[in-house]
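Residue-level structural notes
Now for the letters of each chain:
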Amino acid sequence: MVQAVAEAPTVFVPNAGAQEDFVKSQCAFPAFIGGFNSGKTIGGCMKAFGYTLKNPGANGCITEPISGMLSAPLMETWRQLFGVYEGALWIERGRLGPNWTIDFPSLGSHILLRTAETPGRLIGFKVAWAWMDEAAETEGGSQEMAYLNLIARILQPGYRHWLGFTSTAAGRDWVWR
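Notes on the structure follow. (Residues numbered from 1 in each chain as written. Predicted model: local features only at pLDDT ≥ 70, side-chain atom pairs only at ≥ 80, totals over all residues. Heavy atoms only, no water.)

As a further point, take unusual backbone geometry. Cis peptide bonds are those with omega within 30 degrees of zero, and the linkage from Ala-72 to Pro-73 qualifies with 20°. Examined against the element boundaries, Pro-73 turns out to sit in helix α4 (residues 68-82). You will see that Leu-96, though not glycine, has its phi angle at about 70°, which is positive. Counting through the fold element by element, Leu-96 comes out in the loop between β3 (91-93) and β4 (101-104). Notably, Glu-134 is not glycine yet its phi reads approximately 50°, a positive angle. With respect to the helices and strands, Glu-134 occurs in the loop between β6 (129-133) and α5 (144-151). Classification of Glu-134 by relative accessible area gives buried; the value is 15%. (Helix = DSSP H or I, 4+ residues; strand = E, 2+ residues; numbered from the N terminus. Buried < 20%, exposed > 50% of the residue type's maximum accessible area, 1.4 Å probe, protein only.)

As structure tokens, this is what we get:
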């Protein structure tokens, strides 16, 4: 288990440019806006995984616009990048349910997987960080309220806090503002 944690950061290297800037950003509100297939979801997964490894005990939350996007592309991308460590370092629990998580038992960390389509459900937890994938997507409605609710959830003491998002540009919407 300790060996897997030590080796995990070498599994991925972000692409130079916007993806690398997002993954390595220490900003409280990092964003990566890019076109189709620009590596936004991969970058978000890298940022979440890397932060979790470096901050044992820190909890996080990843959102997608609708529940179907948690399975694909999110978990497909997660497994593509970190599947080699599944079972040894991280475990997926509660798949497709209201308590869906990626747990890191040896680190004492949990990543909540939630949809942004019902922002009122993004309450009742404290995390150190959150990442909204495809934040400008409107299929489940505007995600602006989800964003505001998540800001209020980033309360876990003892960690550097951040709320990031990745998205495809969608014009002059709430993300642009």
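Our next topic: the pairing of strand β2 (residues 60-64). With five of five residues buried, β2 lies mostly within the body of the structure. Judged by which residues are buried, β2 turns out to be covered on both faces: Gly-60, Ile-62 and Glu-64 on one side and Cys-61 and Thr-63 on the other are all buried.

Of note, Phe-32 is situated in strand β1 (residues 31-33). A relative accessible area of 5% places Phe-32 in the buried class. Residues Phe-32 and Gly-164 lie 132 residues apart in sequence; the distance between their C-alpha atoms is 8.2 Å. If we skip the residues at most four places from it in the chain, Phe-32 touches Ala-18, Gln-19, Phe-22, Ser-38, Gly-39, Lys-40, Phe-165, Thr-166 and Ser-167. (Contact = heavy atoms within 4.5 Å.)

If you walk through the whole model with that rule in mind, you get 13 aromatic pairs. With a centroid separation of 5.2 Å and an interplanar angle of 50°, the aromatic rings of Tyr-147 and Trp-174 are classed as tilted. Highlighted residues: Tyr-147 in helix α5 and Trp-174 in the segment after β7 (162-167), separated in sequence by 27 residues. There is no split in this pair, since Tyr-147 and Trp-174 are both buried. Site record: aromatic cluster; members linked through ring pairs are Phe-49, Trp-78, Phe-82, Tyr-85, Trp-90 and Phe-104. Between the NZ or CZ atom of Lys-47 and the centre of the ring of Trp-162, over which it lies, the distance is 4.9 Å. (Phe/Tyr/Trp six-rings, centres within 6.5 Å; stacked < 30°, edge-to-face > 60°. Lys NZ or Arg CZ within 6 Å of the ring centre and 35° of its normal.)

Another point: the pattern of salt bridges. This structure, assessed with the given rule, holds five salt bridges. Arg-93 is the partner of Asp-103 in a salt bridge, and the nearest nitrogen-oxygen pair spans 2.8 Å. Here Arg-93 lies in strand β3 and Asp-103 lies in strand β4, a separation of 10 residues in the sequence. On the basis of relative accessibility, which here comes to 5%, the residue Asp-103 falls in the buried class. With relative accessibility at 39%, the residue Arg-93 sits in the partly exposed group. It is possible to trace a salt-bridge network through shared partners that takes in Arg-79, Glu-86, Glu-92 and Arg-95. (Salt bridge = Lys/Arg side-chain N within 4 Å of Asp/Glu carboxyl O.)

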